[in-house]
Amino acid sequence: MESNYPTLATTMKQERRWKSKSLPSNTATLLMAFFSCLASLYVAGRLWQDAQNRMLLTKLLEKNLDQRPKVLSVEDKLVILGCKDLGRKVVEAEMDLTLAKSRGFLRNQFRQNVSFPGQKLLAVVGIYSGFGGRLKRNAFRASWISSGDALRKLEERGVVVRFVIGRSPNRGDSLDRSINGENHSTKDFLILEGHEEASEELPKKAKFFFSTAFDAWDAEFYVKVDENVKLDLDGLIEILESQRGKPNVYMGCMKSGDVISEEGKLWYEPDWWKFGDEKSYFRHAAGSLFVLSRSLAQYIRINSGSLQSYAHDDISIGSWMIGVDATYVDENRLCCSSSTQDKVCSIAR
């Protein structure tokens with residue numbers, strides 16, 4: 001007769017079977033718990049490290065807040081260097097000097113027409129010349145401004161004629177010495193000490209000429225003439241006499257023309273884009289011969305430091321005259337060409 005209760009052997013077998021089944025499940029749980037702890041420790045460590053870094057940076061910023069250099073403006077730097085006040089004084093002095101010159105208080109320091117005290121000249125005629133132009137200068141002297149008594153008689157009539165030339169790029173070289181020697185003999189030069197006599201500097205020569213001539217002579221008119229122009233001086237004097245008393249005279253052979261924008265071509269204008277889409281020059285006097293009254297020469301003298309020079313001196317002068325109340329006088333007799341009929345000038349061949 002079999003018993004209904006399990007035997008001891010049966011019971012032990014069942015326990016071993018249960019233990020063998022539950023062992024893998026317990027191992028997986030332990031592993032999961034272990035890795036979870038590692039992950040928690042890693043995240044907590046990173047958070048703690050970040051917090052420490054933030055605290056350290058905060059302390060450093062607080063510590064260096066008052067020690068970090070300030071961003072200085074240009075004006076602050078000038079104040080620190082002690083230059084701002086000096087610069088202001090220089091500007092004020094320049095303004096005072098300009099005002100004094102405009103009112104004529106410094107005139108006697110520069111005027112050279114001391115041979116005729118109290119006399120206001122009719123005109124200063126400046127003939128542009130260069131270092132290689134001695135033969136042309138001699139031709140002028142032989143025709144109508146011969147040195148000595150003839151030059152003095154012209155000045156007695158109120159007309160000063162000078163050859164206008166700058167200095168060599170290599171100051172004091174043989175070119176400068178040659179001009180100095182020639183001037184010592186003829187005494188008919190106006191030497192522009194601040195101007196460098198070079199082809200690329202030619203457009204700036206007008207500023208130096210009118211400024212220097214204005215400082216040197218008290219005249220009603222200042223005339224620029226190219227060295228390749230044959231001039232009827234008596235005819236020019238007659239024209240100038242007819243313009244006496246007129247305000248702000250800008251006189252010459254008025255013209256306009258196309259602006260050359262192609263580099264390498266004759267009369268190329270580097271600033272061509274400033275003249276608009278039509279690329280046409282404004283009305284201006286031809287560069288061979290033109291006249292400015294004293295007030296306009298004075299304007300150039302005062303503002304020479306800020307006046308824009310273009311590729312050609314006649315364009316430069318014309319641009320300066322646009323900004324002032326100039327009286328344009330289109331004088332056909334000043335249109336120099338190969339013909340001398342009804343003209344006071346002609347182009348020498």
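Located above this text is the structure these notes cover.
Small disclaimer: the values here were computed from a predicted structure and weren't measured. (Residues numbered from 1 in each chain as written. Predicted model: local features only at pLDDT ≥ 70, side-chain atom pairs only at ≥ 80, totals over all residues. Heavy atoms only, no water.)

(A) Examining the overall build of the chain more closely. In terms of helices and strands, the chain carries 10 helices and nine strands. For the chain, the share of sequence-separated contacts (at least 6 apart) that also reach a separation of at least 24 residues comes to 73%. Surface exposure of the chain reaches about 21900 Å², of which carbon and sulfur atoms provide 56%. (Helix = DSSP H or I, 4+ residues; strand = E, 2+ residues; numbered from the N terminus. Contact = heavy atoms within 4.5 Å. Areas by Shrake-Rupley, 256 points an atom, 1.4 Å probe, with all protein chains shown as cover.)

(B) Molecular detail of the packing of helix 4 (residues 134-143) against helix 6 (residues 174-186). Here helix 4 crosses helix 6 at 10°, and the two axes come no closer than 13 Å. Considering their axes alone, helix 4 and helix 6 lie roughly parallel with respect to each other. Touching Arg134, Arg137 and Arg141 of helix 4 are Ser178, Ile179, Glu182 and Thr186, all from helix 6. (Axes fitted to C-alpha atoms, helices over the stretch in contact; angles between N-to-C directions. Parallel < 35°, antiparallel > 145°, perpendicular 65-115°, else oblique.)

(C) Main features of the state of the cysteines. Under the criterion given, the structure shown has two disulfides. Cys253 shares a disulfide with Cys335; S-S distance 2.0 Å. Disulfide Cys253-Cys335: the torsion about the S-S bond is 90°, which places it as right-handed. With Cys253 in strand 6 (residues 249-258) and Cys335 in the loop between strand 8 (327-330) and strand 9 (345-347), this pair connects stretches of sequence that are 82 residues apart. According to the relative accessible area criterion, Cys253 is buried, its value standing at 15%. With a sulfur-sulfur separation of 2.1 Å, Cys336 is cross-linked through a disulfide to Cys345. The sign of the -105° torsion about the S-S bond sets the Cys336-Cys345 disulfide as left-handed. Disulfides within the chain link the bonded cysteines, taken in sequence order, as 1-2, 3-4. (Disulfide = S-S within 2.5 Å. Buried < 20%, exposed > 50% of the residue type's maximum accessible area, 1.4 Å probe, protein only.)

(D) Molecular detail of unusual backbone geometry. Backbone geometry places Lys187, a non-glycine residue, at a positive phi of 55°. Position of Lys187 relative to the elements: it lies in the loop between helix 6 and strand 3 (189-196).

By themselves, these figures tell us nothing about what the structure is for.
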